[in-house]
Amino acid sequence: MDRNVVRAATVIVLAFMALAPAAAVAQEIKVTLLGTGTPVPAMNRFGPSILVEAAGQKFLFDAGRGAMQRLAQIRVRWQDVDGVFLTHLHSDHVVGFPDLWLTGWPVGAGRDRPLHVWGPRGTTKMMSHLEQAYEFDIRIRLYDDRPMPDGVVIRAEDIDERVVLDKGGLKITAFEVDHAPIRPAYGYRVDYGGRSVVLSGDTRVSQNLIRHAQGVDLLVHEVASPESFQRAGTRPERAKTVIEHHVTPEQAGEVFAKTRPRLAVYSHIVMPDTTEQDLLPPTRKMYSGPVEVGEDLMVILVGENVEVRRPVRSSP
């Protein structure tokens, strides 16, 4: 056989060998909990933010306090973030957005494309006011009268309950949840390669979430621990008001029992010092399936298996 033919055949075989593992990985959805906390400033739990990677795309769901630092910590370039989905406009879910946006375009290589933002009614208005608020900063960093670069442009869109993005086999669906009196507030479902992830956002027990999360591979759900308020000495009336806007561990167990996810993970954990003992025993009253207490920088790989990778802690 001609040597050139053999060489060409070998190159083709090696190419397929190289592509096969990549194709398998490409069918995964990678979820990183950047921040699992609340409005309370805490070093162990930064503000709520979740990075989802699939189909060669990267999206943030909420941008709470420290989202930019967490991206840097896991060495994900902010320039590579394709967009931000907001669940609702409570400050703890958006306060990190200006950092992501403003640091993202002039620092280092810089973002060279507009930053897309999707969120509930009021998102477009909020973004336009942010552009006004930081107009001086943006202009001074241009150093001259050049036109506004693409990297500093925000493309915001107020959404309703629907498929918000369908690109490259990746589908992201917004659905309304019950965070009354905050209306609308959204959860999101991510589908790719036959895999599925649901992010609850902030909610009380939501029948609409239960409907959208049936048989999902991964359900990331918020939770509020009554015990944590007692330890903090929170006034009972204040604690009651907050808890009524969220889901207790026992209620979450009911949600998990009705949806039967392959894995349930707690995030946006109220309060930040909540322990596994606060969460898991009451959850187990209603649900015996797989459940994990999320922590900042936890990675969940959703593929043929659902794999949890906890962050490595440095020695004291």
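Now for a look at the structure at hand. These numbers come from a predicted model, not from an experiment.

### Describing the overall build of the protein
Looking only at helices and strands, one finds 11 helices and 15 strands in the protein. Here the protein has a C-alpha radius of gyration of 21 Å; the compact-globule value for 316 residues is 20 Å, and the two agree. Referenced to the eigenvectors of the C-alpha coordinate spread, the extents of the protein come out at roughly 80 × 55 × 45 Å. Looking at the protein as a whole, 51% of its 316 residues qualify as buried.

### Brief notes about empty space enclosed by the protein
For the structure on display, the rule yields one cavity of 30 Å³ or more. Its volume calculated, the largest cavity comes out at about 150 Å³. Lining the largest cavity are 16 residues, with P48, I50, D62, G201 and H268 positioned closest to its centre. Put simply, the parts of the chain that give the lining of the largest cavity at least two residues each are β2 (49-54), β11 (218-224) and β12 (263-270). Counting residues per element, the lining of the largest cavity draws most heavily on β11, which supplies three residues. Grouping the constituent residues of the lining of the largest cavity by class yields five nonpolar, eight polar and three charged.

### Structural notes on the side chain of T87
Relative to the helices and strands, T87 resides in the loop between β4 (83-85) and α3 (91-94). Take T87: its relative accessible area is 4%, and that puts it in the buried class. Of the polar contacts made by the side chain of T87, one reaches the side chain of H88; its length is 2.9 Å. Those residues in contact with T87 that sit more than four places away from it in its chain are D62, H93, P120, A185, Y186, Y188 and G201.

### With respect to the sheet that holds strand β5 (residues 115-119)
One open sheet accounts for eight strands, arranged β6-β5-β4-β3-β2-β1-β14-β15; its pairing is mixed. Taken across any chain shown, the strands that pair with only one partner, and hence form the sheet edges, are β6 (154-158) and β15 (306-309). Strand after strand, the sheet turns through a mean of 20 degrees between neighbouring axes, direction not considered. Direction of pairing for β4 relative to β5: parallel, over a ladder of three bridges. If you follow F85 over to β5, its bridge partner there is W118.

### Examining the packing of helix α10 (residues 249-259) against helix α11 (residues 276-284)
The interhelical angle for the contact between α10 and α11, taken along N-to-C directions, is 50 degrees, at an axis separation of 7 Å. Classified by the interaxial angle, the pair formed by α10 and α11 is oblique. Like other packed secondary-structure pairs, α10 and α11 cross with a definite hand, here right-handed. Along its contact with α10, which presents P249, E250, G253 and F256, the element α11 presents D278, L279, P282 and T283. Across the contact of α10 with α11, the residue classes tally to four nonpolar, two polar and two charged.

What counts and how
- Residues numbered from 1 in each chain as written.
- Predicted model: local features only at pLDDT ≥ 70, side-chain atom pairs only at ≥ 80, totals over all residues.
- Heavy atoms only, no water.
- Helix = DSSP H or I, 4+ residues; strand = E, 2+ residues; numbered from the N terminus.
- Rg over C-alpha atoms; globule rule 2.2 N^0.38 Å.
- Buried < 20%, exposed > 50% of the residue type's maximum accessible area, 1.4 Å probe, protein only.
- 1 Å grid on protein atoms, 1.4 Å probe; cavity = no way out; pocket = protein on both sides within 12 Å on 5 of 7 lines; lining within 4 Å.
- Points joined across faces, edges and corners; volume = space filled by probe spheres on them.
- Nonpolar A, V, L, I, M, F, W, Y, C, P; charged D, E, K, R; others polar.
- Polar contact = N/O pair within 3.5 Å; in protein donor to acceptor, adjacent residues only side chain to side chain.
- Contact = heavy atoms within 4.5 Å.
- Pairing = 2+ DSSP bridges.
- Axes fitted to C-alpha atoms, helices over the stretch in contact; angles between N-to-C directions.
- Parallel < 35°, antiparallel > 145°, perpendicular 65-115°, else oblique.
- Left-handed = near helix turned anticlockwise from the far one by under 90°.

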